[in-house]
Amino acid sequence: MGAVQRWRSSLVWRVTGNSVLLSLGIIWLVGSALFSQISSGIFNEKLTNSLSDSQSSLRSIEVQLDITQFQNDAAVKKSVDQIMTVASISSNTAGREIALLHFPTKLPIATNYQRTSNLLSPNSVPNSLRQLVRKKGEQQWQRSDIHYLGGKVEQGIVVGSLLKIPRSGTYEVYFLYSLTSVDKTLTLIRNSLWFTGFALIFLIGLITWLVIRQVVIPVREAADIAEKLSAGDLGRRMEVHGENEIARLAISFNEMAVSMQQQISRLENLSRLQQRFVSDVSHELRTPLTTIRMASEVIYSSRKTFSGNISRSAELLLAQIDRFDSLLADLLEVSRFDAEAAVMVVEPVDVVTLLRRTVDYLHPSKERIIKVIAPKEPVIVEADSRRVERIFRNLITNALDHCEGKPIEITVVESEDAVAVGVRDYGVGFQERDSVRLFDRFWRADPSRARIRGGTGLGLSIALEDAKLHQGTLEAWGRLRRGANFVLTLPKVSGIEFSTHPISVIPEAELSTIVAPEDREEI
Amino acid sequence: MTLIMVVDDDQDLAEMLGIVLTGAGFEVDLVNRGDEVMDLFHAQPPDLVLLDVMLPGLTGIEVCREIRVESMVPIVMLTAKGDTHDVVLGLEAGADDYMVKPFIPSELVARIKTRLRRITAQNASGLKIGDIAIDQLAHSINRDGKVIPLTRLEFDLLVALAKEPGRVFTREALLSEVWGYRHATDTRLVNVHVQRLRSKVEQDPENPELIVTVRGVGYKAGVPGTSEQ
């Protein structure tokens, strides 16, 4: 597993491995071709030597026998014995054995001169060669094992000819040349070829590894630095060594990083300036707004003394100042989120109590259309109560705005690691495709529709930011005229991710109405 | 006549505050600079100070600290920022309460009246919390006869807890009882003041025994010697 992983992930290991494998193949081919050429060359030379040696030995034996041919049998026997003795003695040094075999005949033989040198077994001469020699009558050869009576076996070449021994008839004479020394040489050559091959492969691997490292290390460094850059560490740069291609890569990489950093910081500055501006404007507006509000309250409180139009104007003035006020508060909150300056004050919060209080505050009227389904005991989460209350307020206000007088159900369900609050209404709802855009700032499902209440258009957007700040989720489900469902899920322990979603964003009653897309086409 | 000192650099707002407060039956002193507060404070000691955070000369938070050095007069900060940081700084500097601009005049007046009211003594003697004796008539507390100075708000907070020793007060309950809020959830106000009160009355503020935290709920009066945490 580790090796495979390494192979896939590391260029160095892959290139080194590939070059080792390739050179292994090439060295194998070259080595075996070389070896077979060398071995056949050596064998041929041995063969040529053996053939000429046996030829000349045979000639000298014939000469010796010719000299003794007019003497008696004893002289011939003596001569044959002498030849065999010499052959026996010389066999150790020349690596040559000799066998004198009887030519099979039906005639009675006066004297049997069949001999072999040393302890050579007559079986060493293969029958096929003997037949060939008898048939052709001239020098023949064959590769064969040389067997000794002691059980020793050596590889060898057997060269055979016919020899006429005076007063006795025709014999076959075989010279057996051992290939042991050739084998030894070949083994030596083979071993050195193996050794050289392995050494070469090792060296090739090592060299490839070193060379590829030279190239890969800067590339890897570049990759590391690119990762750090993309992770936001914009100050990272590559080191430039020399003037080669890698150095050029480093230089242009660094130039890219610099221009990226400049662009980013320019954009950051712009957005910081913009956020700062929004925040400043909101703050600066607050003091005059306070004065205006107080003034209008003073006017409003004595509206009874004014005539109808002026009295109504005082009411409108105050109402619009209220609206302006909440818009300003929301804008300020949004700019705080944008600047990532939102601060969480985390403490244990009982969601149920907080929810009930928010409901009471927002919907104090007697004819209750909001139904809260929640556990009797407290449901504690670690959260910023101000923000959670604001999420509740925004979700409930939104539901009240769109419920068209139909009941609203608020459910609290807890699981091991999370708490979910679902706000379900059965009012106007929204189209499925709008479930994400709902949370956009100032987004409105139907721009032409008159506003019912004084929402700022920022409520859901702020609620989503608040939920995200808690590492929670806020999801929306809706269908036109079938209502909407908003589900807030918060982790029980602050900062710990939760795995369960106690409430599904798609209401249970609606699950059965979901049909496969193909069917929907037909409807 | 109750005298209220209004400190705000915006002259129009200060004037408007003057109109509203005069209308509510208070006497008003207007100051526009932070560094002019203490002179007037000495010349005409007010019953309550309304203090803007952003001021020329000295910031509201610095002024707040200076006043606290010599007086326990109720201080209400006026802030254009709802940011936790500013609010907590103001409260830690000794402010009793704060109002975020733009505020509703009636709410401001209600808040001022809460800060000025005196809890009428029901059982004037015998109220104790741990080893601290509370004298509601003299509006002071003492440990072994040694008086511990408290602001009026801190006194009210301690009395609220001491009056019902067994009851666990939620932060919201304390906000409505002591601060006079009705639907407030800004629990920072309670947290900061409980910390300040602890630092004055507890033997070891790190391990409070008189004002005990009830996790997830709020606070209650503790009985020293029993570790309930």
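Residues numbered from 1 in each chain as written. Chains lettered and ligands numbered in written order. Predicted model: local features only at pLDDT ≥ 70, side-chain atom pairs only at ≥ 80, totals over all residues.

A. The arrangement of the overall build of chain B in detail. Of regular secondary structure, chain B possesses eight helices and twelve strands. For chain B, the proportion of its 229 residues judged to be buried stands at 39%. When contacts within chain B are restricted to residue pairs at least 6 apart in sequence, long-range pairs at least 24 apart make up 53% of them. (Helix = DSSP H or I, 4+ residues; strand = E, 2+ residues; numbered from the N terminus. Buried ≥ 20, exposed ≤ 12 C-beta atoms within 10 Å, placed from the backbone. Contact = placed C-beta atoms within 7 Å.)

B. Quick peek at helix H8 (residues 188-201) of chain B. All names here are of chain B. Helix length check: H8 (14 residues) gives 20 Å between terminal C-alpha atoms against 20 Å at 1.5 Å per residue, within 8%. Among the residues making up H8, those that are buried are Leu 189, Val 190, His 193, Val 194, Leu 197 and Val 201. Taken end-on, H8 shows its buried residues confined to a sector of 115°, consistent with a single buried face. (Expected span 1.5 Å × (residues − 1). Arc of directions from axis to C-beta.)

C. Region of the structure containing the interface of chain B and chain A. Taken residue by residue, the interface counts 22 residues in chain B and 22 residues in chain A. Those elements giving two or more residues to the side of chain B that touches chain A turn out to be helix H1 (11-23) and helix H4 (84-92) of chain B. Residue contributions to the side of chain B that touches chain A peak at five residues, all from H1 of chain B. The residue inventory of the side of chain B that touches chain A, partitioned by class, reads nine nonpolar, six polar and seven charged. (Nonpolar A, V, L, I, M, F, W, Y, C, P; charged D, E, K, R; others polar.)

D. Layout of the nonpolar core. Counting 61 residues, the largest nonpolar core has Ile 4, Val 7, Leu 50, Leu 51 and Leu 158 of chain B as its most contacted members. Setting aside residues up to four positions removed in sequence, Leu 51 of chain B forms contacts with Val 7, Gly 60, Val 63, Cys 64, Ile 75, Met 77 and Leu 78 of chain B. (Core = buried A, V, L, I, M, F, W, Y, C linked by C-beta atoms within 7 Å.)

E. Highlighting the packing of helix H6 (residues 245-301) of chain A against helix H7 (residues 308-338) of chain A. Residues and elements named next belong to chain A. Contact pair H6 / H7: the axes reach a minimum separation of 9 Å and the direction vectors enclose 160°. With respect to each other, H6 and H7 are oriented roughly antiparallel. The handedness of the crossing between H6 and H7 is left-handed. (Axes fitted to C-alpha atoms, helices over the stretch in contact; angles between N-to-C directions. Parallel < 35°, antiparallel > 145°, perpendicular 65-115°, else oblique. Left-handed = near helix turned anticlockwise from the far one by under 90°.)

F. Local environment of the confidence of the model for chain A. On average, residues of chain A score 82 in pLDDT, and 91% of them reach the 70 mark or higher. Taken as a whole, residues 515-523 of chain A scores under 50 in pLDDT and shows one contact with residues more than four places along the chain or in a different chain. (pLDDT = per-residue confidence, 0-100.)

G. Representation of the pairing of strand S1 (residues 96-102) of chain A within the structure. All names here are of chain A. Burial of S1 is extensive: five of the seven residues sit out of reach of the surface. Pairing geometry for S1 and strand S5 (residues 169-178), over seven bridges, is antiparallel. Bridging from a neighbouring strand, Arg 96 pairs with Tyr 177 of S5. Here S1 runs beside strand S2 (residues 115-116); their pairing, made up of two bridges, is antiparallel. Among the inter-strand pairings, Leu 100 is bridged to a residue of S2, identified as Arg 115. (Pairing = 2+ DSSP bridges.)

H. Expanded view of the sheet that holds strand S12 (residues 483-491) of chain A. Residue and element names in this part refer to chain A. The mixed open sheet is built from five strands, whose spatial order is S7-S9-S10-S12-S11. Each having just a single partner strand, strand S7 (370-373) and strand S11 (473-479) make up the two edges of the open sheet. Here the strands of the sheet are splayed against their neighbours by 15° on average, with no regard to which way each runs. Where S11 meets S12, seven bridges bridge the pair, whose relative direction is antiparallel. Bridge pairing links Trp 477 to Asn 485 in S12.

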